[in-house]
Amino acid sequence: MAITFGPTLKLWSSSENTWTVSVLVGQSTLGAPALQYSVDGGVALAASTERITRRENVYYFRGLIEVDLGEGEQELEYTIGNQRYSFVVPAKDQLPRLAYTSCNGFHTGKVPFSMKENEVGAMWESLKEVHSGKSSQVKRDKAYHLLVMGGDQIYADSTIERFEQDQLGWNWFTKEHTKRNAELESADRKWLEKGYTRLYTDVWAQNPVMMEMFATCPAVMMWDDHDIMDGWGSHPDRREKWPVYKDGVFEVAREAFLLYQQHCGPEETPEGVMTLNRNLSNGFRMGSAAILNLDTRTERKPEQIMTKSNWKRIDRWLTQETEGLKHLFVCLSVPAVYANLEWIEELLESTPGVQSVEDDLRDHWRSRPHRSTRVKLLESLFEVAKTGCRVTLLSGDVHVAAHGIVTLKDGGKDDGTRRHRLHQLVSSPILNSPGHAFAATELKRQGSAREDINATMSAEMSPLEVYRKGKSRSSYFVGQRNWLSLVSRDECAYRAEWYFEGAEDPFKVEIHSC
């Protein structure tokens, strides 16, 4: 038996007392692989594995490891096939340690010429070293409990480009009505299936350090546009309704996402999903902490992020599942607190040939069609915060690191507590290229600006510092590759640390929840 993919770990489900972690592998043979595990060096236990699908002559199997949380952290060692790894689960009442990443790939599918070979996996190497306790930057006694990935785990851009040109025969002169009415043939779907499979099996395999992280830290992932195709849901021409995209690209991308990122077969619904209409928003309660992971792509349109019925389900989850929480992490692929890019969007709306930029701008929460949704979401989160729970937003997408703060003006008073402030932490990219010069200039211009969201809420950015060669540089938006660490200081506080490429020390922010 030869394992050709994995293993990768995912947080399958969680409760106050237990964690269940799924193990995914792909192999060339049909027989189910043996999965064994032990807790803190104890007796070896067997866990069953089941075949969930087959792709490109590879059979994929999922095993589930369930562990009762104890008074202290526990290390689980597992063996599947001939591979042996371990991971750590938190104590029963412990706030879990999290690592957050986004934008894990390149638009062209190739490493940019500007990057040296040893730089490609530099930030994954940094994350692995901290996770394994071998970093020269800090001393860490224990591994991360969860790896949270906020979107663009793959980049399908070049795959879609080749599909349109090589498989469909489209070019610059192909008329829109021809594209709009083109039917999806079985050969087209097979081409896409092969393309998306290789984005995970081949491209991910090129980064062995990342794959080691996937094998030693359970992940919680949510897709964004590049996991499907660039700008999915925000194209003004509504191409998402055209058969080749609706029945081909989206469906094949969804099946691949379900398998490689959610450890599910094509007809399965992942654990924790609370929404309808095939939306994959999910939540995990982990003792006194919880993660709410919003799927803002499945139902996205230029004027809509999610249907009203699903926003109601999100509100219901926030009401019913947050009692007694000390900390709630809300994962939004695109940050809700960020610079105002509306004037650029308005300029590009009247400029032909720039749709590739325009759809990115339409994704932002401050884009005119999404403003009211943004206000309602923030108001719902403040209702949770008023119960005594610290709410922190985690986002990526924008190719910079940033820290935003939303303040609730409660009767004109702000006591500085968790009830009046939401933190927006942005980390992007871990692998892709940082933002270009024009974006950096515009972001710098807006950095210190305070936004009055409405009569009761305001937002502002807080500067970050990058330490290099004994000197520090302060910026509201840091355009360097980075990843984010979230580690509890005590039962009431988290420390957020941004690790920047080439920086000597991480930048730290204390986030209190008591």
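See above for the structure.
Starting from 1, residues in each chain are numbered consecutively following that chain's sequence as written. The model is predicted, so local features are restricted to residues of pLDDT at least 70 and side-chain atom pairs to those at 80 or more, both for listing and for counting; the totals for chains, interfaces and linings are taken over all residues. Where side-chain values are given, they derive from all heavy atoms of the structure, hydrogens and water being excluded.

Engineer: So what about the pairing of strand 24 (residues 507-512)? Which residues, and what values?
Structural biologist: Only protein chains enter the area calculation, which uses a 1.4 Å probe; residues under 20% of their type maximum are buried, those over 50% are exposed, and those in between are partly exposed. Helix and strand labels come from DSSP, where a helix needs a run of H or I of at least four residues and a strand needs a run of E of at least two; each type is numbered from the N terminus. Covered by surrounding structure in strand 24 are Phe507, Val509 and Ile511 only, the residues Lys508, Glu510 and His512 on the alternate face being uncovered. The pairing of strand 23 (residues 493-500) with strand 24 spans 6 bridges and is antiparallel. Bridge assignment links Tyr494 to a residue of strand 24, and that residue is Ile511. Strand pairing follows a simple DSSP-based rule, namely that at least 2 bridges must link the two strands. In textbook terms, the turn of a hairpin is the stretch between consecutive antiparallel strands, and for strand 23 and strand 24 this stretch comprises 6 residues, one of which, Gly502, has a positive phi near 80°.

Engineer: Describe in detail helix 5 (residues 208-216), supporting the description with residues and values.
Structural biologist: The buried count for helix 5 comes to 7 of 9 residues, which makes it a mostly enclosed element. Where helix 5 is concerned, the buried positions are Val209, Met210, Met211, Met213, Phe214, Ala215 and Thr216. Only heavy atoms matter for contacts: two residues are in contact if any of them lie within 4.5 Å across the pair. Each element contacted by the buried residues of helix 5 is listed here: strand 1 (3-14), strand 7 (74-80), strand 8 (83-89), helix 1 (122-131), strand 10 (146-149) and strand 11 (219-221).

Engineer: Could you give an account of the packing of helix 4 (residues 186-203) against helix 6 (residues 243-260), naming the residues involved and the relevant values?
Structural biologist: Convention adopted: a line fitted to C-alpha atoms gives each axis, helices being fitted over their contacting stretch, and angles between N-to-C directions are expressed from 0 to 180 degrees. As a packed pair, helix 4 and helix 6 sit with axes 9 Å apart at the nearest point and diverge in direction by 35°. Crossing of helix 4 over helix 6 shows right-handed handedness. Facing Arg189, Leu192, Glu193, Tyr196, Thr197, Tyr200 and Thr201 of helix 4, the residues of helix 6 in contact are Asp247, Gly248, Val249, Glu251, Val252, Ala253, Glu255, Ala256, Phe257 and Tyr260. Partitioned by chemical class, the residues of the contact of helix 4 with helix 6 number 9 nonpolar, 3 polar and 5 charged. Take the far helix as the reference: if the near one is turned anticlockwise from it by less than a right angle, the crossing is left-handed, and if turned clockwise, right-handed. Nonpolar residues are Ala, Val, Leu, Ile, Met, Phe, Trp, Tyr, Cys and Pro. Charged residues are Asp, Glu, Lys and Arg, and all others, Gly as well, are polar.

Engineer: Could you give an account of the pattern of salt bridges, with specific residues and numbers?
Structural biologist: Any Lys or Arg side-chain nitrogen found within 4 Å of a carboxyl oxygen on Asp or Glu counts as a salt bridge. All chains considered together, the criterion is met by 23 salt bridges. With a closest N to O distance of 2.6 Å, Glu73 and Arg97 form a salt bridge. Taken together, the residues Glu73 in the loop between strand 6 (58-68) and strand 7 and Arg97 in the loop between strand 8 and strand 9 (98-101) connect sequence positions 24 residues apart. The partner of Glu510 in a salt bridge is Arg495, with the nearest N and O atoms 2.9 Å apart. Here Glu510 is found in strand 24, whereas its partner Arg495 is found in strand 23, with 15 residues between them in sequence. What makes Glu510 partly exposed here is its relative accessible area of 33%. The network of salt bridges with common partners includes Asp224, Arg297, Arg300 and Asp363.

Engineer: Tell me about the nonpolar core, and please be specific about residues and values.
Structural biologist: In this text, buried Ala, Val, Leu, Ile, Met, Phe, Trp, Tyr and Cys residues form a nonpolar core when linked through side-chain atoms within 4.5 Å. The biggest cluster of nonpolar side chains holds 58 residues, and the ones touching the most others in it are Trp124, Leu147, Tyr196, Trp204, Phe214, Val249 and Trp483. Top contributing element to this core by residue count: helix 6, with 11 residues. Ignoring sequence-local partners within four residues, the contact set of Tyr196 consists of Arg55, Ile154, Ala156, Ile160, Asp227, Ile228, Val249, Val252, Ala253 and Ala256. Of all hydrophobic cores here, the second largest spans 49 residues; its members include Leu76, Tyr100, Ala401 and Trp498.

Engineer: Can you break down the sheet that holds strand 13 (residues 289-293) residue by residue, with the values?
Structural biologist: Strands sit in the order 12-13-14-15-17-16-19-18 across an open sheet of 8 strands; the sheet is mixed. Looking along the sheet, the strands with just one partner apiece sit at the ends: strand 12 (282-286) and strand 18 (451-452). As paired strands, strand 13 and strand 14 (residues 327-331) are joined by 5 bridges and run parallel to one another. Across the sheet, Ala289 pairs through a bridge with His327, a residue of strand 14.

Engineer: Which residues make up the sheet that holds strand 3 (residues 35-39), and what values go with them?
Structural biologist: On the basis of which strands lie adjacent, the open sheet formed by 4 strands has the order 4-3-7-8 and antiparallel pairing. A strand with exactly one partner marks an edge of an open sheet, and here the two such strands are strand 4 (45-47) and strand 8. Each strand of the sheet is rotated relative to its neighbour by a mean of 30°, with strand direction disregarded. The pairing of strand 3 with strand 7 spans 5 bridges and is classified as antiparallel.

Engineer: Describe the packing of aromatic side chains, listing the residues and the values that go with them.
Structural biologist: The rule is short: rings of Phe, Tyr and Trp, with Trp giving its six-membered ring, pair when the centres are within 6.5 Å, and they are stacked under 30 degrees, edge-to-face over 60, tilted in between. In this structure the tally under the stated criterion is 21 aromatic pairs. Both rings, one in Trp232 and one in Phe250, keep their centres 5.3 Å apart while their planes meet at 20°; by these two values the pair is stacked. One end of the pair, Trp232, is in the loop between strand 11 and helix 6; the other, Phe250, is in helix 6, with 18 residues separating them in the sequence. For the pair shown, Trp232 and Phe250 are each scored as buried. Of the aromatic side chains, those joined through ring pairs into one cluster are Phe5, Tyr60, Trp124, Tyr200, Trp204, Phe214 and Tyr260.

Engineer: Give a description of the pairing of strand 7 that names residues and reports values.
Structural biologist: For strand 7, the buried fraction is high: 5 of the 7 residues fall into the buried class. The pairing of strand 7 with strand 8 spans 7 bridges and is classified as antiparallel. Across the sheet, residue Ile80 finds its bridge partner in strand 8, namely Gln83.

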